[in-house]
Amino acid sequence: MKRRLLLILVFLIGNFSYAEPNSYSLLQVESNTLHDLQDQLAVEVAVVPWQNAESLDILMSGKGRTFGRRTAVFFSQSPDARQAAEMKNIPVYDGGHTMSDLEGTGFQCIPQKDGMFDLVANALKPAKNAMDIVYLKNIGKPSEPKFEKPRRIRLDDKLFKDAFAQVVTAWYVEDFTGDEIPDLIMSAHLPDPNRYWPDGISMWSGIPTENSGPGCGYDIDGNWLGLETTDTVYWASGYRTKSGNLQFKNLKKVFYRLPGFAVQWKSYFNWGALGSIDLNKKKYLICSGNIDKTLAMEITYKDGDLYCGKSVNLLKDDKLLYGNFYPAKIVTVDIDKDGSNELLLDGNTGRIIVLKGKQIGQFAEIGCLQTRGGDLCVSTLATPSRVDWNGDGFKDLIVGDSGGWLTLWPGTKDPIVYGTPTYMKSGGNVIFQQAGMTGSIQGPSERRWGYIYPTVCDWDEDGQNEIITNNINAEIFLFKRAGTDGNELSLPKQFTKDGESLPAAWRVRVGIIPSAVKCLGVETPCLLYLGWDGDLVLGMPKKTGDTEIVRVEKLKYEDGNNIRLCGPEGHWGRTKLDVADWDGDGDWDVVWGRNGKPIQYFMNIKTRSTVFFMENCGTSANPVFKKPVFITTVDGNIIDCGGHNASVCVTDLDKDGKPDLLIGVENGKIIALNRKDLSTKSF
């Protein structure tokens, strides 16, 4: 198994130096282990014949400056007999090959003759709030693609930012007019970035508002107080210049059933993706939007205009997407080579799901693309807990993610390498926690996310571990084992106070103080979490193993102040806590991590997502804490975990008796850091 060297490259943000994210060691899976192909946050994919004219390789790119964002080609390999029956003829993919010289994101393949292909993509540095797409001409040869520098595509001989003032939310290139030249179809709306938010102010601004933040945002009937947005679909005909460049002209609206009446979709979340498929001698426009809904409309070209027929749900029985939300691209391809096209949908959970069907309204989601070996990865914003769960002597991983799933990864003799994952179940069903229409303070646009974050501990002190989770709804649950299958858990039991849901901040990974400590004089285990106001607290149960919390005490800094570990509005909660004797002085300390932007509101520093150590300068029974310091690389560089997540798990990886560190990051992968490579640094 190849290991990544801890070669630390350095860059600067503000007054701090950061270790280069791509230099960290990541947890791996065994080389022949089959698991979901996931690589980064919010992926966009194209299928390209990169290896040869028959190969179905995946060209993947990510969005923004997120941890692990890259452009990579994943080579298709032979199908694997271990795949589900519906997926048995679909290729399995390798771990990907980074293409750092390929400029652009959100690629779409434009097939050419003899196994060649060109690419259309978003410009790598587009104008702000403007459509900006480029053409990459392939000047290589089959199996050895090589691309010219991107050339900007124009609309009516103008740059898109000058020709079209609206915010483009999705685009797709396809020949809709029958002249064998790709046309452009896109969805867009007028600029109004804060209309979604109650009071018209983004909850990420840090500005307190009357109708946003914890417990707010919805009226008495559960309706979101922000406004919906209406996207309209436009198209422009394609043509080639004398030099062969693809350009577009004559921008028009796509009509819905009647002349002059545009195709429109009103929702709380932007239109996600556009695509098309030919079925039974008809062409259909495929529209994925409103987070998880996929609609199809017959599309025809008549008298210089495009018309769409009545929309219907693409999926059978009006089902919604399951394994992925908020797709960015829809790819039409015969992925299993049975003579009929399937649809691949990428998106925010990082998976690539496969939709298969013979007619509109009868498609089914049959699974997601698979890979063998490589990096251990879950459905973004990984939060790990490491313990010998199955009793075989090797420590396993139980990992939560943003999608709301819990995954069990069995350990091996190598602490960096894990075996075949399984989704954990409760009451016989896969654990899949989601916010629902009114569960998220971010509004209904987050209704499909769950953000389940596990802590494994022996809460009832019966010698067998349980799992305690927090989630997007700020609900803390206790799961016990059920039966002999370590993958099966009991129905969850919620932590409460005075018979009501325990007031806690959302998306916080909790810590556990064992009863032997007798913390603050109690003889039960204690729950370490952020209270509703964002301060660090200890919750004491009625008795060992109980989920009714009868006493809550705020922990203090040595100056007597409360320990606030989150910001206002949308910056509430989201801190990931763990408990360990980090400095080896015999008492428990707190190690924590979180997304970076909110840190400025309670610690007056600006930083990327990273991790901190908070020394207990009191005793285990009567804890008092020093102000947090960075946990850094041994040469003092801050550990950059990207923009969304830094989920800590303190564990002894090398069995030397000293605490090492795992950090779950936003692309769903997990950093492994040995203690000898770490230090601390004040700010």
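Above this note sits the structure.
In what follows, the accompanying structure is described.

The rules behind the values
Residues numbered from 1 in each chain as written. Predicted model: local features only at pLDDT ≥ 70, side-chain atom pairs only at ≥ 80, totals over all residues. Heavy atoms only, no water. Phe/Tyr/Trp six-rings, centres within 6.5 Å; stacked < 30°, edge-to-face > 60°. Helix = DSSP H or I, 4+ residues; strand = E, 2+ residues; numbered from the N terminus. Buried < 20%, exposed > 50% of the residue type's maximum accessible area, 1.4 Å probe, protein only. Lys NZ or Arg CZ within 6 Å of the ring centre and 35° of its normal. Core = buried A, V, L, I, M, F, W, Y, C linked by side-chain atoms within 4.5 Å. Domains from an automatic or database assignment. Contact = heavy atoms within 4.5 Å. Pairing = 2+ DSSP bridges.

Centre distance and the angle of the planes are the two values used to describe a pair of aromatic rings. According to the stated counting rule, one finds 31 aromatic pairs in the structure shown. Considering the side-chain rings of F269 and Y326, the 4.6 Å spacing of their centres and the 65° angle between planes classify their relative orientation as edge-to-face. Within this pair, whereas F269 is found in the loop between β20 (264-267) and β21 (273-279), its partner Y326 is found in the loop between β25 (312-313) and β26 (330-333), the two being separated by 57 residues in sequence. F269 gets classed as partly exposed once you look at its relative accessible area, which sits at 22%. For the ring pair F325 and F432, a centre distance of 6.4 Å and an interplane angle of 20° mean the geometry is stacked. Highlighted residues: F325 in the loop between β25 and β26 and F432 in the loop between β37 (429-430) and β38 (453-457), separated in sequence by 107 residues. F432 carries the same exposure label as F325, and that label is buried. An aromatic cluster is present here, built from Y196, W197, W204, Y218, W224 and Y268 joined pairwise through their rings. Lying over the aromatic face of Y451, R507 brings its terminal NZ or CZ to 3.4 Å of the ring centre.

Moving on, we get to the nonpolar core. Counting residues in hydrophobic clusters, the biggest one holds 53 residues, and the most contacted among them are L536, L565 and W592. Elements that contribute at least two residues to this core include exactly β2 (16-19), β46 (526-530), β47 (536-541), β49 (576-580), β50 (589-594), α2 (599-603) and β51 (610-614). Mapped onto the domain boundaries, this core takes at least three residues apiece from domain 1 (26-204 + 221-370) and domain 2 (381-679). Apart from the residues within four sequence positions on either side, L536 is in contact with L528, Y529, L530, E553, K554, L555, I563, L565, L577 and M614.

With that out of the way, let us pick up the sheet that holds strand β4 (residues 34-36). Reading across the sheet, the 4 strands line up as β4-β30-β9-β8 and stay open at both edges, with mixed pairing between neighbours. Since the sheet does not close on itself, it has two edges, and those belong to β4 and β8 (76-77), each with one partner.

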